[in-house]
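Reading the structure
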Amino acid sequence: MSRLDADQILTTTLKHTNGTTCATIDSAGRFFTPNNPYFVATRNGQGDEGGGGFMSFGAVLANRGSWYNTNGTATAPVAGLYAFFCKTLTPSDGQIVDLRWYVNGATTDDYGSGYSGNWGGHKTVVAHVLLNLNANDTVRVYNINSGTRCCGVHNTYMGWLIG
């Protein structure tokens, strides 16, 4: 391994020794990491989906690094800190949706949750979490209540590597 001691480094591109670009810096000083994994998925169709189970998001809008599959499972490609976000919509019938994050098939309240409450009308439920994961750890969203969710594209699941 080489060592570099410098007060200032002037560059526009950072590369691995194999030539792969890992980051670029534009003229305004913005830092881009074109290979960091992320995914964005929504539900297919407009029909209601029953509660009391793992949630699926079958319409994949982006999947850099191919680490998300359409059954709702994200598998960490490398060890690091990840952010996850889930938003869902309940139908207008007072359904209760209570979201939990599952890592490697298990959950604790330490992972945070989202809760819809019990009142009439559509309700947006949001859950987000930061997780330190090992390579190949899996993350899924689980609705612990029997409340249904509706309206395909109003349901979003996403995750990305922070570092």
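For the structure, check the block above.
Figured I'd write up the structure that's included with this text. What you see is a predicted model, and the numbers here were worked out from it, not measured in a lab.

What counts as what
Residues numbered from 1 in each chain as written. Predicted model: local features only at pLDDT ≥ 70, side-chain atom pairs only at ≥ 80, totals over all residues. Heavy atoms only, no water. Pairing = 2+ DSSP bridges. Helix = DSSP H or I, 4+ residues; strand = E, 2+ residues; numbered from the N terminus. Axes fitted to C-alpha atoms, helices over the stretch in contact; angles between N-to-C directions. Phe/Tyr/Trp six-rings, centres within 6.5 Å; stacked < 30°, edge-to-face > 60°. Buried < 20%, exposed > 50% of the residue type's maximum accessible area, 1.4 Å probe, protein only.

This part is about the sheet that holds strand β1 (residues 13-15). The antiparallel open sheet is built from three strands, whose spatial order is β1-β2-β3. Each edge of the sheet is formed by a strand with only one pairing partner; in this case those strands are β1 and β3 (31-32). With three bridges connecting them, β1 and strand β2 (residues 21-25) associate as antiparallel partners. Within β2, the position partnered with Leu-14 by the bridge is Ala-23.

Looking now at the sheet that holds strand β8 (residues 80-90). For sheets, the rule is that strands pair by backbone hydrogen bonds, running either parallel or antiparallel. The strand order β6-β4-β13-β8-β11 describes an open sheet built from five strands, whose pairing is antiparallel. Of all strands in the sheet, those with a lone pairing partner are β6 (59-64) and β11 (123-133), marking the two edges. The sheet shows a mean angle of 5° between the axes of neighbouring strands, direction not considered. For β8 and strand β13 (residues 156-161), the ladder comprises six bridges, and the chain directions are antiparallel. Paired with Cys-86 across the two strands is Tyr-157, which belongs to β13.

Following β1, the chain reverses through five residues before pairing antiparallel with β2; Gly-19 in that reversal takes a positive phi of roughly 95°. Both β2 and β3 contribute to a ladder of two bridges, which runs antiparallel. Each residue of the ladder has a partner; that of Thr-24, found in β3, is Phe-32. In sequence, β2 turns back onto β3 through a hairpin of five residues, with Gly-29 there showing a positive phi of about 90°.

Attention now moves to the packing of aromatic side chains. Throughout the structure, instances matching the rule amount to 15 aromatic pairs. Seen from their ring centres, Phe-39 and Trp-67 are 5.0 Å apart, and the 75° between their planes marks the pair as edge-to-face. Taken as a pair, Phe-39 in strand β4 (residues 38-42) and Trp-67 in the loop between β6 and β7 (74-75) lie far apart in primary sequence, 28 residues in all. Side by side, Phe-39 and Trp-67 carry an identical accessibility label, which is buried. When the centroid spacing of 5.4 Å and the interplanar angle of 50° are considered together, the rings of Trp-67 and Tyr-82 count as tilted.

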